[in-house]
Every structure is written in C-alpha cells, then in structure tokens.
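Spelled out from the first residue to the last, the chains are:
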Amino acid sequence: RLEKIWLAIGIAMLFVFLGVIGVGAFAMGMQPPTGHHTIDPEKVSETYPFNNPGLEQVGENEYNAYMIAYAFGFNPAKMEVPLGATVHFQVTSPDVVHGFQITGTTVNLMAVPGEVNHYTYRFDKPGEYLVLCNEYCGAGHEFMATTIIVK
Ligand code: CUA
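Presented here is a report on the structure given in the accompanying data block.

Cut-offs used in this document
- Position numbers for residues start from 1 in each chain and track the written sequence from start to end.
- Local features in a predicted model are, by the rule used here, given only for residues with pLDDT of at least 70; side-chain atom pairs are given and counted only at 80 or more, and totals for whole chains, interfaces and linings are based on all residues.
- Calculation of side-chain values draws on the structure's entire complement of heavy atoms; hydrogens and water are dropped beforehand.
- A pair of Phe, Tyr and Trp rings is counted when the ring centres sit within 6.5 Å of each other, with Trp represented by its six-membered ring. The angle between the planes then sorts it: under 30 degrees is stacked, over 60 is edge-to-face, the rest tilted.
- When accessible area is computed with a 1.4 Å probe and restricted to protein chains, residues below 20% of their type maximum are described as buried, those above 50% as exposed, and intermediate ones as partly exposed.
- Comment: elements are numbered from the N terminus, with helices defined as DSSP H or I runs of at least four residues and strands as E runs of at least two.
- Strands are labelled as partners when DSSP assigns at least two bridges between them.

### Concerning the packing of aromatic side chains
What characterises a pair of aromatic rings is the spacing of the ring centres plus the angle enclosed by the ring planes.
At step 1: Across all of its chains, the model carries 6 aromatic pairs by this definition.
At step 2: Centre to centre, the rings of Tyr-121 and Phe-123 are 4.8 Å apart; their planes meet at 75°, and the pair counts as edge-to-face. In this pair, the class of Tyr-121 matches that of Phe-123, namely buried.
At step 3: Their ring planes at 85° and their centres at 5.3 Å tell us that Phe-123 and Tyr-129 sit as a pair that is edge-to-face.
At step 4: Look at Phe-123 and you get buried, because its relative accessible area is 0%.
At step 5: Site record: aromatic cluster; members linked through ring pairs are Phe-74, Phe-89, Phe-100, Tyr-121, Phe-123 and Tyr-129.

### Considering the pairing of strand S5 (residues 78–81)
At step 1: Here S5 shows a clear split, with Met-79 and Val-81 buried on one side and none of Lys-78 and Glu-80 buried on the other.
At step 2: The sheet contact formed by S5 and strand S11 (residues 145–150) spans 4 bridges and is parallel. By the bridge assignment for S11, Glu-80 is matched with Ile-149.

Shown next, in the form of structure tokens:
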C-alpha cells in the first residue's frame, strides 16, 4: 500500500519534470527569429549607436537605421531614405514593448526594452511610408507614428 503511494508520487514527479522541460522548450521556440543583442534600456539615449538615431551609411546605398520606439513616438521622428537603398533596421525601446511596422513593406519588428531587433529591407519604391506602433503600449499608443520618405 505504501509502495503504491510512492509509485504515484514518483509518476507525479515525472510528469512535473516533463512539464518543466516542455514549457522550457516552448519558451525557446518563442524566441524571435531575428538576431538580437542586449542593451540597458535606461541608457538607450547614451548608448552607441542609439545616442545618434537615424541613418548611418555603411556601404554604397546601404545604411544602418537606428530607431528608438518610446512612449509615445519614434526617434528619429522623420527619416529620408535614398531610393533603392538597403536599410538594416535596428530597433529598441527605453520603456515598454512597442511595435515597429512600416506599412506597405515586410518590416514588422517588436521594439523590446533591453533588446535590439534587426531587419533588412530594400526600398525600391519611392513615396511616403507610414511607420506605426502595433503593440498596445498605453494611453498614447494610437499617436505613435512617423514617416519614412523614400526618394
Ligand atoms: Cu507604442 Cu503602441
């Protein structure tokens, strides 16, 4: 009888361990597919390269774009990109999770405090691209927008 109780406890423990492993594996699978590294969210505005947000030329018509999404706006507030440019976006947040979506493109990143998320896009069509926050981030969420002008 005592053996049965211990057997039941043993089986219960096994399920608990399997559950922990399963949850861990699930959490690993939830990592964003893009590469990212860490940054102190309280020092974003003092930390290179985000101390100088915007475009930085890194090749022939190739740029890094350092973008800060904050409550409630984007820095830089407006950006001009040369037509045909390949832009490597690097996005972070100093406060809460925001979205960084450029309408009419495949650019759709999360701006996560403590992380820098990356995405590369080539702007082959001229025009005004609306940048939106697509993660609810507080009272000013719907006012979070900026423009990228490609010409
Ligand atoms: Cu920032 Cu919604």
